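The residues making up each chain are set out below.
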Amino acid sequence: MVQRREPTARQMRLGIELRRLREAAGLTTIEAAALLGVNRVQITHIEFGISGVSEQRVRRLASHYACTDQEFIDALISMATDRTRGWWEEYRGLLPTPFLDLSELEHHARFLHHVAVLYVPGLLQTEDYARAVFSSRLPELPDEELELRIQHRKARQQITIPYQALIHEAALRIRVKDRATSKAQLARLLELSEADHVTLRAIPFDLDGFVASSTMTYAGGALPRLDTVVRDAPHGAVLIDSEAQLSIYRTRFHMVEAVSLEPNESRDFIHRLAKEL
């Protein structure tokens, strides 16, 4: 099978899940290869997302690994056989890989939960706000890449899956550029808050119990065990997918949600902030 030069995050996640099944079964790559009738290198390539894997082989591996969760097996088969070439592929080689991984993750997600502390979430940003955020990067981006990042961000905003954003007052008040940009951004948030698939909840400074310290995105997979958390890092987004960590972040999100304003109260709060500008 032809090897991939650069596997996507989704392809690597499939490999990770197959490796976890193998390890849970107590098998080495050599033993798994023998059961499948291939060499150890092929198993390693599959588990690193370097090589694809057919539906038949996924089913055989699941059987050898004593996995009886048919819903989970079907989800893995869907990941293995999906040949969709997403719109983000137009940016491959033009933008850093984490941008493409994030787009792919959002495309396949069943829902998205976001906690924003310092900036309005990218999926809700106006073009001027996004331009100001990207322009603040050091070293400064070349004009061509700046425009590509803005175009990519606008394309990401076309999602229609359930999306809930918990936005701290700091992110609502910080002026990434000027008064006009902030006012337009708040107006955009009020507009988006009326969309059926969007839920916005504000977290004022004077509410007790706020425990989040940084931005996070929780993307729902086909099954809870296939969920993913996205955390910002100095050199790009970090994807977290271990069951223990996912459980922690689910709890953390619900803790923040519990101390945020209700959607109607949040709209009133954002409207008051806009009037102050």
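Residues numbered from 1 in each chain as written. Predicted model: local features only at pLDDT ≥ 70, side-chain atom pairs only at ≥ 80, totals over all residues. Heavy atoms only, no water.

**A look at the nonpolar core**
Here comes step 1: Leu112, Leu124, Ile167, Leu172 and Leu189 are the most contacted members of the largest nonpolar core, which has 31 residues in total.
Here comes step 2: Broken down by secondary-structure element, the contributors of at least two residues to this core are helix H6 (97-108), strand S1 (111-116), helix H7 (127-135), strand S2 (163-168), helix H9 (169-173), helix H10 (179-192), strand S3 (198-203) and helix H12 (263-276).
Here comes step 3: Beyond its immediate stretch of four places on either side in the chain, leucine 189 contacts Val120, Leu124, Ile167, Leu172 and Leu200.
Here comes step 4: Among the nonpolar cores identified, the runner-up in size contains 25 residues, and Ala32, Cys67, Phe72 and Leu223 belong to it. (Core = buried A, V, L, I, M, F, W, Y, C linked by side-chain atoms within 4.5 Å. Buried < 20%, exposed > 50% of the residue type's maximum accessible area, 1.4 Å probe, protein only. Helix = DSSP H or I, 4+ residues; strand = E, 2+ residues; numbered from the N terminus. Contact = heavy atoms within 4.5 Å.)

**Topic: the pairing of strand S4 (residues 216-220)**
Here comes step 1: Among the five residues of S4, five are classified as buried, and the element is accordingly described as predominantly covered.
Here comes step 2: As paired elements, S1 and S4 share five bridges and run antiparallel to each other. When the bridges of S4 are listed, valine 115 appears paired with methionine 216.
Here comes step 3: Of the pairings in the sheet, the one linking S4 to strand S5 (residues 228-231) comprises four bridges and is antiparallel in character. Bridge assignment links methionine 216 to a residue of S5, and that residue is arginine 231. (Pairing = 2+ DSSP bridges.)

**Digging into the packing of helix H4 (residues 55-64) against helix H5 (residues 70-81)**
Here comes step 1: At a closest axis distance of 9 Å, the pairing of H4 and H5 adopts a crossing angle of 145 degrees. The interaxial crossing formed by H4 with H5 has right-handed handedness. Counted together, Glu55, Val58, Arg59 and Ala62 of H4 and Gln70, Ile73, Asp74, Leu76, Ile77, Ala80 and Thr81 of H5 form the full contact between these two elements. (Axes fitted to C-alpha atoms, helices over the stretch in contact; angles between N-to-C directions. Left-handed = near helix turned anticlockwise from the far one by under 90°.)

**Details of the environment of proline 224**
Here comes step 1: Assignment of secondary structure puts proline 224 in the loop between S4 and S5.
Here comes step 2: For proline 224, a relative accessible area of 53% gives the class exposed.
Here comes step 3: Distance in space between the C-alpha atoms of proline 224 and phenylalanine 72 is 9.9 Å, their sequence separation being 152 residues.

**Quick look at the pattern of salt bridges**
Here comes step 1: Counted according to the given criterion, the structure contains 23 salt bridges.
Here comes step 2: Salt-bridge contacts for arginine 10 lead to aspartate 82; the nearest nitrogen and oxygen are separated by 3.9 Å. With arginine 10 in helix H1 (residues 9-24) and aspartate 82 in the loop between H5 and H6, the pair connects residues that are 72 residues apart, well separated along the chain.
Here comes step 3: What makes aspartate 82 partly exposed here is its relative accessible area of 26%.
Here comes step 4: Two residues, lysine 154 and glutamate 127, come together in a salt bridge whose shortest N-O distance is 3.1 Å. Note that lysine 154 is positioned in helix H8 (residues 143-156) and glutamate 127 in helix H7, a separation of 27 residues in sequence.
Here comes step 5: It is possible to trace a salt-bridge network through shared partners that takes in Arg13, Glu17, Arg20 and Asp241. (Salt bridge = Lys/Arg side-chain N within 4 Å of Asp/Glu carboxyl O.)

**Quick notes on the side chain of threonine 181**
Here comes step 1: Structurally, the position occupied by threonine 181 is in helix H10.
Here comes step 2: Separated by 2.8 Å, the side chains of threonine 181 and aspartate 178 make a polar contact. (Polar contact = N/O pair within 3.5 Å; in protein donor to acceptor, adjacent residues only side chain to side chain.)

**Considerations on the packing of aromatic side chains**
Here comes step 1: Inspection of the entire model under this criterion finds three aromatic pairs.
Here comes step 2: Relative to tyrosine 91, the ring of tryptophan 87 lies with its centre 6.2 Å away and its plane at 90 degrees, an arrangement referred to as edge-to-face.
Here comes step 3: Both rings, one in phenylalanine 111 and one in tyrosine 218, keep their centres 6.3 Å apart while their planes meet at 5 degrees; by these two values the pair is stacked. Note that phenylalanine 111 is positioned in strand S1 and tyrosine 218 in strand S4, a separation of 107 residues in sequence.
Here comes step 4: Its relative accessible area of 3% is what places tyrosine 218 among the buried residues.
Here comes step 5: The ring of phenylalanine 72 is capped by arginine 225, whose NZ or CZ atom sits 3.6 Å from the centre of that ring. (Phe/Tyr/Trp six-rings, centres within 6.5 Å; stacked < 30°, edge-to-face > 60°. Lys NZ or Arg CZ within 6 Å of the ring centre and 35° of its normal.)

**As for the confidence of the model for the chain**
Here comes step 1: Put simply, the chain has an average pLDDT of 94, and 96% of its residues get 70 or more.
Here comes step 2: Averaged pLDDT values over the elements of the chain bottom out at 92 in strand S6 (residues 238-240) and peak at 98 in S3. (pLDDT = per-residue confidence, 0-100.)

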